[in-house]
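Single-letter residue listing:
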Amino acid sequence: RKEVEQDPGPFNVPEGATVAFNCTYSNSASQSFFWYRQDCRKEPKLLMSVYSSGNEDGRFTAQLNRASQYISLLIRDSKLSDSATYLCVVNKGTDKLIFGTGTRLQVFP
Amino acid sequence: DAGVIQSPRHEVTEMGQEVTLRCKPISGHNSLFWYRQTMMRGLELLIYFNNNVPIDDSGMPEDRFSAKMPNASFSTLKIQPSEPRDSAVYFCASRGLAGGFEQFFGPGTRLTVL
């Protein structure tokens, strides 16, 4: 079983829609959680960290459920520019980040 | 500010040839990571360095792969001899002490081994 699992998608949604991605992790010792965004043929970039209390950054909301070992990302009012692959990332308190294989989002007009 | 710099951006080579990928981390960052990304396996950590010292190379696929970091501003990943299954995008990332766990990625080297 992979340490971080995501639905690969693609999620095809119209502009203005709300879309949610989920991610599960297998190691209960995981301590820090992140969402990275990767545009086509580009490098991954940090989108946001995920805190136990949940956190919001504009149209993006991230939530963590430690009991279920589950992380989510909600995007409201989707824009064409949100089209990308979203990588769920976990850290176990070491220097290493464990990346999921990503969920692809395509927003259409 | 300059981000992580990688060269070459694209490399096409024939099976059996030696390939050297280069990375310049962000100035002042003390950790450097080499990743490989494929459609099938996603982003995999190959090796990382702290303060120029290799810490964990458990992700290096086999002896054909080697990495060095002779100083704080330069690292190489070498594949010798290369094989078609090495075809992938290779990313270098760096991280500073003050940035928590955030890693900053370079643009990657797209390697094709024929």
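Residues numbered from 1 in each chain as written. Chains lettered and ligands numbered in written order. Predicted model: local features only at pLDDT ≥ 70, side-chain atom pairs only at ≥ 80, totals over all residues. Heavy atoms only, no water.

Colleague: Looking at this model, I keep getting lost on the overall build of chain B. Mind explaining?
Modeller: Counting its secondary structure elements, chain B contains 0 helices and 11 strands. When the helices and strands of chain B are listed from N to C terminus, the series reads β-β-β-β-β-β-β-β-β-β-β. Taking 114 residues into account, the globule formula puts the C-alpha radius of gyration at 13 Å, and chain B, at 13 Å, falls close to it. Counting only C-alpha atoms and orienting by the principal axes, one finds that chain B spans roughly 40 × 25 × 25 Å. Out of the 114 residues in chain B, the part that is buried amounts to 48%. Residue pairs in contact within chain B that sit at least 24 positions apart in sequence constitute 53% of those at least 6 positions apart. Roughly 5,700 Å² of accessible area belongs to chain B as shown, and the carbon and sulfur atoms make up 52% of that amount. Averaging the positions of the 11 positive and the 12 negative side-chain charges in chain B gives two centres separated by 3 Å. (Helix = DSSP H or I, 4+ residues; strand = E, 2+ residues; numbered from the N terminus. Rg over C-alpha atoms; globule rule 2.2 N^0.38 Å. Buried < 20%, exposed > 50% of the residue type's maximum accessible area, 1.4 Å probe, protein only. Contact = heavy atoms within 4.5 Å. Areas by Shrake-Rupley, 256 points an atom, 1.4 Å probe, with all protein chains shown as cover. Lys, Arg positive; Asp, Glu negative; His and termini not counted. Charge placed at Lys NZ, Arg CZ, Asp CG, Glu CD.)

Colleague: For this particular structure, what's the right way to read the sheet that holds strand β8 (residues 74-79) of chain B?
Modeller: Each strand in a sheet pairs with its neighbour through backbone hydrogen bonds, running either in the same direction (parallel) or in the opposite one (antiparallel). Residue and element names in this part refer to chain B. In spatial order, the strands read β1-β3-β8-β7; together these 4 strands make up an open sheet with antiparallel pairing. Of all strands in the sheet, those bounded by a partner on one side alone are β1 (5-7) and β7 (65-71). Across the sheet, the mean angle from the axis of one strand to that of its neighbour is 15°, orientation sign disregarded. In the sheet, strand β3 (residues 19-24) pairs with β8 via 5 bridges, with the strands oriented antiparallel. Counted as the bridge partner of Val19 is Ile79 from β8. (Pairing = 2+ DSSP bridges. Axes fitted to C-alpha atoms, helices over the stretch in contact; angles between N-to-C directions.)

Colleague: For this particular structure, what's the right way to read the pattern of salt bridges?
Modeller: Oppositely charged side chains may form a pair once their charged atoms are brought near each other. All names here are of chain B. Considering all chains together, one arrives at 14 salt bridges over all chains under this definition. For Arg36, the salt bridge goes to Glu44, with nearest N and O atoms at 3.6 Å. Judged by its relative accessible area of 11%, Arg36 is buried. In this structure, Arg64 and Glu83 form a salt bridge, with 3.5 Å as the shortest nitrogen-oxygen distance. Separated by 19 residues along the polypeptide, Arg64 in the loop between β6 (53-56) and β7 and Glu83 in the loop between β8 and β9 (88-95) bring together distant segments of the chain. Owing to a relative accessible area of 10%, Arg64 belongs among the buried residues under this scheme. Salt bridges sharing partners connect three or more residues here, namely Glu62, Arg64, Glu83, Arg85 and Asp86. (Salt bridge = Lys/Arg side-chain N within 4 Å of Asp/Glu carboxyl O.)

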